[in-house]
Amino acid sequence: MSKVGDDLGLDKSVVALRPHNPRWIELGELECANARRLLGSFCADIRHIGSTAVPDLDAKPILDLVAAVVVGPTVENIVGRLSQGGDYAYEGDMGSEGGLLFVRGHGPFRTVHLHVVRDASAEWDHYIRFHDLLLADPQARAEYQREKHHLAEAYSQDRTAYTSAKHPIIENLLQDSRGESSSH
């Protein structure tokens, strides 16, 4: 199990954004390596996504990872591998809104969210496209940051509502980026 450090973590009911910490990217890579090790042959790919993976973007101090798993393993197989040694706790199937969700932390304090989706799925594509957009497009990144701050203020004690309220801005940014790329 890797050590995530003192600069990560937040109670699961709270929404609080912090200025980007460059160490988050390094910690994300360590967590990816740990989850890849645990998943073994089930893992087709794994990435550190989310705002902690994007320089200059404020974020909740929780690492978001997405793992693409091959077809074949059952949910029980995946849960068994990721919960070895208490590394990750299974929080349930979030369906198209996040895949199988695993968390790391103690009690309500979360340091890592690991979303497990099928390889080559629409969910995988969505996560990767949005992450790549935020890295490549300063305007999209600034718009997303403004909206996140507005929503964090509105839903500071309701993480579920905050997360749900982000979906429209994410979809709009992705749609705008598709429109721009198709016009070139």
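It should be noted that the structure appears before, not after, this text.
None of the values given here were measured: they were computed from a predicted structure. Positions within a chain are numbered from 1, following the residues in the order the chain's sequence is written. Only residues with pLDDT of at least 70 get local features here, since the model is predicted, and only at 80 or more are side-chain atom pairs given and counted; chain-wide, interface and lining totals rely on the full set of residues. Hydrogens and water molecules were not included; the side-chain quantities draw on all heavy atoms of the structure.

Student: Could you give me a rundown of helix 1 (residues 23–39), with the residues and numbers involved?
Tutor: Helix numbers and strand numbers start at the N terminus; a helix is a DSSP run of H or I with at least 4 residues, a strand a run of E with at least 2. Helix span is expected to be 1.5 Å times the residue number reduced by one. Spanning 17 residues, helix 1 covers 24 Å between terminal C-alpha atoms, matching the ideal 24 Å at 1.5 Å per step. Any residue under 20% of the maximum accessible area for its type is buried, any over 50% is exposed, and the rest in between are partly exposed; the area is computed with a 1.4 Å probe on protein chains only. Within the sequence span of helix 1, burial applies to Trp24, Leu27, Gly28, Glu31, Cys32, Asn34, Ala35, Leu38 and Leu39. One side of helix 1 carries all its buried residues, which in axial view fall inside an arc of 170°. By definition, residues are in contact when any of their heavy atoms lie within 4.5 Å. Those residues of helix 1 that are buried lie in contact with strand 2 (43–49), strand 3 (63–69), helix 2 (75–82), strand 5 (100–106) and strand 6 (109–118). In the segment just after helix 1, Gly40 is the residue with positive phi, at about 55°. Relevant arc is that of directions from the helix axis to the C-beta atoms, nothing else.

Student: Just give me the short version of the packing of aromatic side chains, but keep the residues and values in it.
Tutor: Describing an aromatic ring pair means giving the distance of the ring centres and the angle of the ring planes. Centre distance within 6.5 Å is the pairing criterion for rings of Phe, Tyr and Trp, where only the six-membered ring of Trp is used; planes under 30 degrees apart are then read as stacked, over 60 as edge-to-face, and the remainder as tilted. Taken as a whole and assessed by the stated rule, the structure comprises two aromatic pairs. Definition used: whenever NZ (Lys) or CZ (Arg) falls within 6 Å of the ring centre and also within 35 degrees of the ring normal, the charge is taken to sit over that ring. Across the ring face of Phe42, the terminal group of Arg81 is positioned such that the distance to the ring centre comes to 3.6 Å. We note Arg104 situated over the ring of Tyr88; from NZ or CZ to the ring centre the distance is 4.8 Å.

Student: I'd love a proper account of the pattern of salt bridges, names of residues and values included.
Tutor: Any carboxyl oxygen of Asp or Glu within 4 Å of a side-chain nitrogen of Lys or Arg constitutes a salt bridge here. Summed over all chains, the structure comprises eight salt bridges. Close ionic contact of Arg23 with Asp7 constitutes a salt bridge, the shortest N to O distance being 3.7 Å. Taken as a pair, Arg23 in helix 1 and Asp7 in the segment before strand 1 (10–11) lie far apart in primary sequence, 16 residues in all. Taking relative accessible area as the criterion, Asp7 reaches 26% and is therefore assigned partly exposed. Across the pair Asp87 and Arg104 runs a salt bridge whose closest N-O atoms are separated by 3.3 Å. Placement of the pair is Asp87 in the loop between helix 2 and strand 4 (89–93) and Arg104 in strand 5, with a sequence separation of 17 residues. Salt bridges linked by common partners bring Asp7, Arg23 and Glu26 together as one network.

Student: Give a detailed account of the layout of surface pockets, specifying residues and quantitative values.
Tutor: Each pocket or cavity is described by its volume, and for the largest pocket that value is around 1100 Å³. Points on a 1 Å grid, built from protein atoms alone, make a cavity when a 1.4 Å probe fits but cannot get out and make a pocket when they are open with protein on both sides within 12 Å along at least 5 of 7 lines; residues with an atom within 4 Å of a point are the lining residues. Around the largest pocket sit 39 residues that line it, and Asp64, Glu97, His115, Tyr127 and Thr163 are the ones nearest its centre. Listed by contribution, the elements that provide at least two residues to the lining of the largest pocket are strand 5, strand 6, helix 3 (122–136), helix 4 (138–154) and helix 5 (159–182). Looking at the lining of the largest pocket, the element that brings in the most residues is helix 5, giving nine residues. Here the nonpolar group is Ala, Val, Leu, Ile, Met, Phe, Trp, Tyr, Cys and Pro; Asp, Glu, Lys and Arg are the charged ones; every other residue, Gly included, is treated as polar. For the lining of the largest pocket, the class distribution of residues is 14 nonpolar, 13 polar and 12 charged. Grid points are joined across faces, edges and corners, and a volume is the space filled by probe spheres set on the points.

Student: Help me get a handle on unusual backbone geometry, residues and values and all.
Tutor: The backbone of Asp56 shows a phi angle near 70°, a positive value even though the residue is not glycine. Checked against the element boundaries, Asp56 lands in the loop between strand 2 and strand 3. One non-glycine residue with positive phi stands out, namely Ala120, at about 65°. Mapped onto the secondary structure, Ala120 falls in the loop between strand 6 and helix 3. Overall, Ala120 belongs to the exposed group, its relative accessible area being 71%.

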